[in-house]
Amino acid sequence: MTDDTRRGLPAPPPLGAAALPPGTYAGQVVLVTGGGTGLGKAIAAEFARLGADLVIASRRAEQLHAAREELAAVPGAGRVTAAVCDIRDPERVAEVFDAAQAALGLPDVLVNNAAANFPSPAEDLSPGAWRAVVDITLTGTWFMTREFGRRHLAAGTPGSIVNIGASYAWTGGPGFAHSAAAKAGVKNLVETLAVEWGPYGIQINGLVPGLFPHADMTESIRTGLDRAAPEARGARQPALRVGAPRELGWAATFLASPYARFVTGHTLVVDGANWQRRSLVNPEVIPLRTQLGRGPFTP
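Chains are numbered independently. Their residues run from 1 in the order of the written sequence. Only residues with pLDDT of at least 70 get local features here, since the model is predicted, and only at 80 or more are side-chain atom pairs given and counted; chain-wide, interface and lining totals rely on the full set of residues. Side-chain calculation: all heavy atoms of the structure are included, whereas hydrogens and water are not.

A. Main features of the overall build of the chain. A helix here means a DSSP run of H or I that spans at least four residues, while a strand means a run of E at least two residues long, and both kinds are numbered starting from the N terminus. Along the chain, the regular secondary structure elements total nine helices and seven strands. The globule rule is 2.2 Å times the number of residues to the power 0.38, and the radius of gyration it is compared with is taken over C-alpha atoms. A compact globule built from 299 residues would reach a C-alpha radius of gyration of about 19 Å, and the chain, at 20 Å, matches this within 12%. Overall size of the chain, expressed as C-alpha extent along the three principal axes, is 60 × 50 × 40 Å. A 1.4 Å probe rolled over the protein chains alone gives each residue an accessible area, and that area as a share of the maximum for its type sets the label: buried under 20%, exposed over 50%, partly exposed in between. Within the chain, the proportion of its 299 residues that are buried is 44%. Contacts are assigned to residue pairs that have any heavy atoms within 4.5 Å of one another. Put simply, 77% of the contacts in the chain that link residues at least 6 apart link residues at least 24 apart.

Encoded structure:
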């Protein structure tokens with residue numbers, strides 16, 4: 001018997017709508033890593049819509065140029081600058097903050113969105129592959145956070161940090177041991193620094209996206225999604241739909257806003273309850289190597 005009463009969660013308001021009052025971020029500087037593409041750019045757009053001055057950082061200059069023009073055209077946007085930055089390099093991180101401070105002022109908000117990821121059985125991960133993901137996702141996030149925190153502590157000014165996380169920081173992530181371990185560290189930074197820096201006016205929260213398809217998804221992630229027909233992706237979510245990138249942007253702008261000043265040390269999951277989904281009867285266990293189409297492991 002099929003339950004024909006299913007409706008799923010309602011669609012979000014249209015692109016261009018704002019969850020906060022116009023001008024909420026007027027006169028404030030927001031720095032978004034990985035802001036040249038995908039969800040980072042979508043988050044930056046919602047801060048821009050609320051009047052923020054933006055600094056978007058990425059390793060790829062060509063993506064930054066296009067994103068800067070796109071974000072500057074968002075209605076309500078303040079000034080938009082871009083900085084090429086490998087967040088694994090603490091000296092380059094400091095230079096980006098110096099440039100941002102000279103051009104726009106000390107960033108009031110930091111969104112740590114930049115990360116790296118690809119699926120792999122744990123036993124196939126080389127030392128270099130492990131370091132590549134952990135160094136960007138965890139160490140790079142730490143370098144950005146540390147620079148932001150030190151500057152605000154020295155200036156005696158408040159600030160807000162939003163770390164983009166992943167639900168497998170709680171559950172584990174078969175096929176993504178490197179990323180899951182790194183994201184668990186990112187989540188722990190939220191909880192640790194909220195206590196350490198709260199007395200100085202610095203709040204820090206986490207934000208976990210669910211399935212938000214967008215044009216800049218990596219090939220490996222897109223391939224994984226395409227194993228299911230695109231029209232069936234929503235049916236695999238309790239919400240019976242996928243997320244719209246602006247919904248993640250709305251959550252980020254709230255967490256960093258004056259209306260969330262007493263929210264700190266928290267990680268908000270925006271995924272339509274998908275990460276909590278369980279079946280009455282577990283499906284058959286299919287080894288990860290089989291799922292990825294790899295043969296038996298050979299050293």
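B. Quick look at the pairing of strand β2 (residues 53-58). The buried count for β2 comes to six of six residues, which makes it a mostly enclosed element. Burial along β2 is two-sided: the residues Asp53, Val55 and Ala57 and Leu54, Ile56 and Ser58 are all buried. We treat two strands as partners when DSSP finds at least two bridges between them. Both strand β1 (residues 29-33) and β2 contribute to a ladder of five bridges, which runs parallel. Residue Val30 lies in a different strand from β2, and its bridge partner there is Leu54. We call a crossover right-handed when, viewed with the strands running away from us, the connection from the first strand over the helix to the second turns clockwise. Handedness of the crossover is the feature at issue here: the chain leaves β1, passes through helix α1 (residues 38-49), returns alongside β2, and the resulting connection is right-handed. Pairing between β2 and strand β3 (residues 80-84): five bridges, direction parallel. Pairing of Ser58 across the sheet is with Val84, part of β3.

C. Region of the structure containing the packing of α1 against helix α8 (residues 245-255). Only the contacting stretch of a helix is used when fitting its axis, a line to C-alpha atoms as for every element, and angles between N-to-C directions run 0 to 180 degrees. In the contact formed by α1 and α8, the axes pass within 8 Å of each other and the chain directions differ by 55°. Taken as axis vectors, α1 and α8 run oblique relative to one another. The two elements α1 and α8 meet at a crossing, and its hand is right-handed. In this structure, α1 uses Leu39, Ala42, Ile43, Glu46 and Phe47 to contact α8, whose residues at the interface are Pro245, Arg246, Leu248, Gly249, Trp250, Ala252 and Thr253. Comment on the angle field: the value is read as roughly parallel under 35 degrees, roughly antiparallel over 145, roughly perpendicular from 65 to 115, and oblique elsewhere. Crossing handedness is read from the near helix: turned anticlockwise from the far helix by less than a right angle, it gives a left-handed crossing, and turned clockwise, a right-handed one.

D. View of the nonpolar core. Counting residues in each nonpolar core, the largest one holds 30 residues, and the members touching the most others are Tyr25, Val30, Phe47, Leu54, Val111 and Leu207. Residue assignment for this core shows that the elements contributing at least two residues are β1, α1, β2, α2 (61-72), β4 (109-112), β5 (159-164) and α8. Here this core gets six residues from one element, more than from any other, and that element is α1. In this structure, Ala83, Ile136, Ile161 and Val190 belong to the second largest nonpolar core, which totals 27 residues. As used here, the term nonpolar core means buried Ala, Val, Leu, Ile, Met, Phe, Trp, Tyr and Cys residues forming a set that is joined through side-chain atoms within 4.5 Å.

E. Region of the structure containing the pairing of β1. Most of β1 sits inside the fold, with five of its five residues counted as buried. By the bridge criterion, three bridges tie β1 to β4 in an arrangement that is parallel. Each residue of the ladder has a partner; that of Val30, found in β4, is Val109.

F. A look at the packing of helix α4 (residues 127-155) against helix α6 (residues 177-197). Between α4 and α6, the shortest axis-to-axis distance is 8 Å and the interhelical angle comes to 15°. Judged by the inter-axis angle, α4 sits roughly parallel to α6. Crossing of α4 against α6: the hand is right-handed. The segment α4 lies against α6, with Ala129, Trp130, Val133, Val134, Thr137, Leu138, Thr141, Trp142, Thr145, Arg146, Gly149 and Leu153 engaging Ala177, His178, Ser179, Ala181, Ala182, Lys183, Gly185, Val186, Leu189, Leu193 and Trp197. Gly counts as polar in this scheme, as do all residues outside two lists: the nonpolar Ala, Val, Leu, Ile, Met, Phe, Trp, Tyr, Cys and Pro, and the charged Asp, Glu, Lys and Arg. Grouping the amino acids of the contact of α4 with α6 by side-chain chemistry returns 14 nonpolar, seven polar and two charged.

G. Summary view of the sheet that holds β1. Overall, parallel pairing links the seven strands, which are arranged β3-β2-β1-β4-β5-β6-β7 in an open sheet. Looking at which strands have only one partner, the edges of the open sheet turn out to be β3 and β7 (267-270). In this sheet, neighbouring strand axes are inclined to one another by 20° on average, regardless of whether the strands run parallel or antiparallel. Packing of helix α3 (residues 90-103) onto the sheet brings it into contact with β1, β2 and β3, and relative to β3 it is tilted by some 160°. Against the sheet, α8 engages β5, β6 (202-209) and β7, with an angle of about 165° to β6.

H. Highlighting α3. One less than the residue count of a helix, multiplied by 1.5 Å, gives the span that helix is expected to have. Over its 14 residues, α3 runs 20 Å from end to end, which matches the ideal 20 Å to within 8%, given 1.5 Å per residue. Burial in α3 covers these residues: Val93, Ala94, Val96, Phe97 and Ala100. The buried residues of α3 occupy an angular sector of 155° when projected down its axis, which confines them to one face. When the buried face of α3 is taken as reference, the exposed residues oriented beyond 90 degrees from it are Glu91 and Ala102. The inward-facing, buried residues of α3 abut β1, β2, β3 and α4. Polar contacts, as used here, are pairs of N or O atoms within 3.5 Å; protein pairs need one atom able to donate a hydrogen and one able to accept it. Residues neighboring in sequence count only if both atoms are side-chain atoms. One side-chain oxygen of the residue at the start of α3 lies 3.0 Å from the amide nitrogen of Glu91, identifying that residue as Asp89. Count one or two residues on from α3 and you reach Gly105, which has phi positive near 120°. This arc corresponds to the set of directions leading from the helix axis out to the C-beta atoms.

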